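Breakdown of the fold
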Amino acid sequence: MASRSPTKTRPAGAPNPLEVLKNYGRVSILHIYGINKYKYDEKEGGFKDLGAAREDGQLMEQVLGRSGGFNEVKAFYDKDVTVANIQRNLADLAKRFKKQCVVGRFYLMLAGHGMVDEDDPDKGAYFCTHETKAHDLVGTAFPLERVKFYMKKIGVKHQVIVMDSCHSGGLF
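**Things to note about the overall build of the chain**
The secondary structure content of the chain amounts to five helices and seven strands. Ordered by position from N to C terminus, the α and β elements of the chain give α-β-α-β-α-β-β-β-α-β-α-β. Residue burial in the chain is summarised as follows: out of 172 residues, 42% are buried. Taking the contacts inside the chain whose residues are at least 6 apart along the sequence as the reference set, 69% of them involve residues at least 24 apart. Counting only carbon and sulfur atoms, one obtains 53% of the accessible surface of the chain, whose full area is about 10,100 Å².

**Quick word on a negative patch on the surface**
A contiguous patch of negative charge on the surface is contributed by D41, E42, E44 and D49. Tracing the backbone through its elements, the reader meets E42 in the loop between strand 1 (28-34) and helix 2 (53-67). Residue classification places E42 among the exposed residues on the basis of a relative accessible area of 56%.

**A word on the nonpolar core**
Core analysis: the biggest nonpolar cluster contains 33 residues, and Y33, L90, F106, L108, F127 and I154 have the highest contact counts within it. Those elements that provide at least two residues to this core are strand 1, helix 3 (83-96), strand 3 (102-111), strand 4 (114-116), strand 5 (125-127), helix 5 (144-153) and strand 7 (156-164). Once you skip the residues sitting within four places of it in the chain, L108 turns out to touch H31, Y33, L90, V147, M151, V160, I161 and V162. In this structure, I32, M60, F70 and Y77 belong to the second largest nonpolar core, which totals eight residues.

**Structural notes on the environment of A111**
Take A111: it is sitting in strand 3. In this structure A111 comes out as buried when scored by relative accessible area, which is 0%. Once the C-alpha coordinates of A111 and N36 are considered, the two residues, 75 residues apart in sequence, prove to be 8.6 Å apart. Sequence-distant contacts of A111, defined by excluding residues within four places in its chain, comprise Y33, G34, I35, A53, F127 and D164.

**What to know about the state of the cysteines**
Applying the stated criterion across every chain yields a total of zero disulfides. Here C128 stays unpaired: no disulfide links it, and the sulfur of C166, its closest cysteine neighbor, is 9.1 Å away. Looking at C128, the relative accessible area reads 0%, which means it is buried. On the basis of relative accessibility, which here comes to 52%, the residue C166 falls in the exposed class.

**Focus on the pattern of salt bridges**
Within the structure shown, the criterion is met by six salt bridges. Taking the shortest distance from any N to any O, the salt bridge between R96 and E72 comes out at 2.7 Å. Of this pair, R96 sits in helix 3 while E72 sits in strand 2 (residues 72-77), and the two are 24 residues apart along the sequence. A relative accessible area of 15% places E72 in the buried class. As a salt-bridge pair, K79 and D80 come within 3.8 Å of each other at their nearest N and O atoms. Look at D80 and you get partly exposed, because its relative accessible area is 34%. Counted as one network, the salt bridges with shared partners bring together R54, E55 and D78.

**Considerations on the sheet that holds strand 4**
With respect to topology, three strands assemble into an open sheet ordered 4-5-6, the strand pairing being antiparallel. Of all the strands in the sheet, just strand 4 and strand 6 (142-143) have a single pairing partner and so form its edges. Pairing of strand 5 with strand 6, which is carried by two bridges, proceeds in the antiparallel orientation. By the bridge assignment, F127 is partnered in strand 6 with F142.

Conventions adopted
Residues numbered from 1 in each chain as written. Predicted model: local features only at pLDDT ≥ 70, side-chain atom pairs only at ≥ 80, totals over all residues. Heavy atoms only, no water. Helix = DSSP H or I, 4+ residues; strand = E, 2+ residues; numbered from the N terminus. Buried < 20%, exposed > 50% of the residue type's maximum accessible area, 1.4 Å probe, protein only. Contact = heavy atoms within 4.5 Å. Areas by Shrake-Rupley, 256 points an atom, 1.4 Å probe, with all protein chains shown as cover. Patch = residues over 30% accessible without salt bridge, like charges linked within 9 Å, V, L, I, M, F, W, Y side chains within 5 Å. Salt bridge = Lys/Arg side-chain N within 4 Å of Asp/Glu carboxyl O. Lys, Arg positive; Asp, Glu negative; His and termini not counted. Charge placed at Lys NZ, Arg CZ, Asp CG, Glu CD. Core = buried A, V, L, I, M, F, W, Y, C linked by side-chain atoms within 4.5 Å. Disulfide = S-S within 2.5 Å. Pairing = 2+ DSSP bridges.

Scope: geometric values only; no functional claims are made or implied.
What follows is the structure in structure tokens.
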């Protein structure tokens with residue numbers, strides 16, 4: 001005699017999982033920032049170039065962007081990883097999905113150097129962009145507190161942050 005699994009019922013008001021998946025097709029966003037090459041080297045107050053951050057981003061773009069069903073894919077590498085680009089794109093999403101709690105998904109990947117301001121650790125951790133100088137993190141790097149701020153403002157229900165950098169725990 002074959003055994004039957006019990007029928008599971010959804011709690012009252014819970015969305016149908018199949019409808020949720022269909023909605024992912026409408027709002028499915030992938031933003032990637034991967035940086036190997038920095039504008040300033042260590043002698044100029046910058047950073048040693050990395051060997052795999054850009055490649056990790058490109059792999060994520062290839063795997064998720066093509067086969068993951070994302071309808072908006074934005075990828076920035078090396079010289080295009082700027083404070084202005086990150087700020088503009090996150091602010092745009094916050095404006096488009098302002099506290100709506102839209103059923104969808106937003107994946108954000110930041111791959112590159114990360115730092116804490118040694119002179120004032122209370123300022124938190126930073127993601128180092130192409131133009132970052134270690135002695136001027138406030139003026140040249142993207143604060144992880146700002147990432148957290150925007151993630152709260154972006155009203156897309158399912159959010160994933162992938163951070164491949166030192167001090168990425170500063171996000172929490």
